[in-house]
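# Structural characterization, general
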Amino acid sequence: MIPAQDRRTLRDLATRVAEAASQPIMAERRAMWARHNRLERVRPMILVFPEGSWAELLPDAALVCTSAEGRDVEAALRRRLYYQDHIHDDTVIENTWEVPPVVAVTGWGLQPRHIDATQERGSWAFDPVVREASDLDALRYPEVTYDAEATRREHEQALELFGDILDVQRRGVRRISFHLGRLYADLRGLDQFMWDMYDHPDMIHRAMRFFSEGYRRYLQQIVDLGLLDVNNDGTYHSSGGVGYTDELPAEGYRPGQARFADLWASAESQELALVSPAQHEEFVLQYERELLEPFGLNGYGCCEDLTHKLERVLTVRNMRRISISPWADVRQCAERLGRRAIFSWKPNPAYLVGQFDAGQTREYLGQALEATRG
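Assigned secondary structure in the chain consists of twelve helices and 13 strands. The buried share of the chain, taken over its 374 residues, is 45%. For the chain, the share of sequence-separated contacts (at least 6 apart) that also reach a separation of at least 24 residues comes to 68%. Of the roughly 19,600 Å² of accessible surface on the chain, a fraction of 50% belongs to carbon and sulfur atoms. A distance of 4 Å separates the average location of the 45 positive side-chain charges in the chain from that of its 58 negative side-chain charges.

A few words on the side chain of K309. Mapping K309 onto the fold places it in the loop between β11 (297–300) and α10 (310–313). One buried charged residue, K309, forms no salt bridge at all, with the nearest opposite charge on E304 at 7.3 Å. Engagement of the side chain of K309 in a polar contact is seen with the backbone oxygen of V275, the distance being 3.2 Å.

Scanning the model with the defined rule gives 29 salt bridges in all. Between R113 and D127 there is a salt bridge, with the nearest N and O atoms lying 3.3 Å from each other. In this pair, R113 is assigned in the loop between β2 (103–105) and β3 (114–115) and D127 in the loop between β4 (125–126) and β5 (144–146), connecting sequence segments 14 residues apart. Residue class for D127 comes out partly exposed when judged on its relative accessible area of 23%. Between R152 and E156 there is a salt bridge, and its shortest N-O distance comes to 2.6 Å. Residue R152 and its partner E156 are both found in helix α5 (residues 148–162); the two are separated by four residues, about one turn of the helix. Assessed through its relative accessible area of 43%, E156 is described here as partly exposed. Members of the salt-bridge network, linked through shared partners, are E98, R171, R174, D229 and D233.

Attention shifts here to the layout of surface pockets. Of the volumes computed, that of the second largest pocket is approximately 1,400 Å³. Put simply, the parts of the chain that give the lining of the second largest pocket at least two residues each are α4 (68–87) and β1 (96–99). Of the residues in the lining of the second largest pocket, the class split is 17 nonpolar, seven polar and ten charged.

Turning our eyes to something else, we now look at the packing of aromatic side chains. This structure, assessed with the given rule, holds 15 aromatic pairs. Both rings, one in W97 and one in F162, keep their centres 5.4 Å apart while their planes meet at 70°; by these two values the pair is edge-to-face. Note that W97 is positioned in strand β1 and F162 in helix α5, a separation of 65 residues in sequence. F162 carries the same exposure label as W97, and that label is buried. Ring pairs connect the aromatic residues W108, Y141, F178, F210, F211, Y215, F260 and F295, which therefore count as one cluster.

For the rest of this paragraph, the subject is a nonpolar patch on the surface. A cluster of nonpolar side chains, namely L352, V353 and F356, defines an oily patch on the protein surface of about 340 Å² accessible area. Counting through the fold element by element, F356 comes out in the loop between β13 (342–345) and α12 (358–372).

This paragraph deals with unusual backbone geometry. Across the junction of L248 and P249, the peptide omega takes the value 0°, indicating a cis bond. Examined against the element boundaries, P249 turns out to sit in the loop between β9 (241–242) and β10 (264–267). One non-glycine residue, R121, lies in positive phi territory at about 60°. Secondary-structure assignment places R121 in the loop between β3 and β4.

What counts and what doesn't
Chains are numbered independently. Their residues run from 1 in the order of the written sequence. The predicted origin of the model limits local features to residues at a pLDDT of at least 70 and limits the giving and counting of side-chain atom pairs to 80 or more, whereas totals for whole chains, interfaces and linings rest on all residues. Hydrogens and water molecules were not included; the side-chain quantities draw on all heavy atoms of the structure. Strands are runs of DSSP state E lasting at least two residues, helices are runs of H or I lasting at least four, and both sets are numbered from the N terminus onward. Only protein chains enter the calculation, and the probe is 1.4 Å; a residue is then buried if its accessible area is under 20% of its type maximum, exposed if over 50%, and partly exposed in between. By definition, residues are in contact when any of their heavy atoms lie within 4.5 Å. Surface accessibility in these figures is a Shrake-Rupley result with a 1.4 Å probe; residues are shielded only by whichever protein chains are displayed. In this tally, Asp and Glu contribute negative charge and Lys and Arg positive charge; neither His nor the terminal groups of the chain are included. All charge positions are set by atom: Lys at NZ, Arg at CZ, Asp at CG, Glu at CD. Salt bridges, as used here, are contacts in which a Lys or Arg side-chain nitrogen is within 4 Å of a carboxyl oxygen on Asp or Glu. Between N or O atoms, a polar contact is any pair within 3.5 Å; within protein, one atom must be a potential hydrogen donor and the other a potential acceptor, and residues adjacent in sequence are included only when both atoms are from side chains. Cavities and pockets are found on a 1 Å grid laid over the protein atoms alone: a cavity is a set of points where a 1.4 Å probe fits but cannot escape, a pocket is an open set with protein on both sides within 12 Å along at least five of seven lines, and a lining residue has an atom within 4 Å of such a point. Grid points are joined across faces, edges and corners, and a volume is the space filled by probe spheres set on the points. When residues are sorted by character, Ala, Val, Leu, Ile, Met, Phe, Trp, Tyr, Cys and Pro go into the nonpolar class, Asp, Glu, Lys and Arg into the charged class, and all the rest, Gly among them, into the polar class. Any pair of Phe, Tyr and Trp rings, taking the six-membered ring for Trp, is counted once the centres come within 6.5 Å. Such a pair is stacked with planes under 30 degrees apart, edge-to-face with planes over 60 apart, and tilted for the rest. To count toward a patch, a residue needs a relative accessible area above 30% and no salt bridge. Like charges then connect within 9 Å, nonpolar side chains (Val, Leu, Ile, Met, Phe, Trp, Tyr) within 5 Å.

Now the structure itself:
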């Protein structure tokens, strides 16, 4: 139960969000994203994702609500307002409050282990639980449980809290992404993953076939439960974009009955960043391709360098957005990608760390803009 003072705080913040969402610039950004996502030539679109930096931008001490539930809602609202007041990128602030389904998903039968970092927010190390091929016998397919009653209660609570201020919506599952390399590395360790490509390739293929089937079964459960939802809106997509598009849902869509063809989906393989294009294809991409191809639009990549893998990635049906990491060769990627998909570039953040040099940063960004101009 949210205390009365917390409720007043949250309603005030929701009112400010609604005011921000009503600005004409939000409709302009929404339309620009739709054009961008259909591969029309528009100005470069800019998105800023603070991610771990929210701990510094909006620390717990900045929150005023006293209840745990109220603080969670407060943080979400204040993040939207932070974009409005400080970031000024192309993020669209929407006049919505979305209530996701309350679901529980079992794991894969094996629980990854990590060796904890020795300092706060430091790097951890893998502690493999799969030591030999027979350990894969313990893998299980994920199972989904939907709590309709809890979802209904959360929706009613949100409506009662600020349904007269924001558009409170019940939404389904709409962020679809596949992470086969990460699943294997979490269980086997990243170093051993590399060795297995030479010493135990059959072991990797066995695991990838299991993970692929597990993902398919998970998605089918989501469909059977009526929880699959379209994501042609501000839903975060792939690594570096949002889903605004007038190309989805596909023809024949019926509201409340979303199909894979009506959604964006994505995959990545950061763990295979340093392997050859052929090994990337053999051990991960061929499986990701099968998972992605039923979807209406697709994205690929995250922080891995795809410079020499673009041609293979582009063979995935309906590929629309590709992540170009800070370690990629921007000029080569631009030449190879052309106008076939969105060039979702992540500038190297090191230019903003330490002794900031505006001239150097401007030159760095200018080189990338020039390389992608044509």
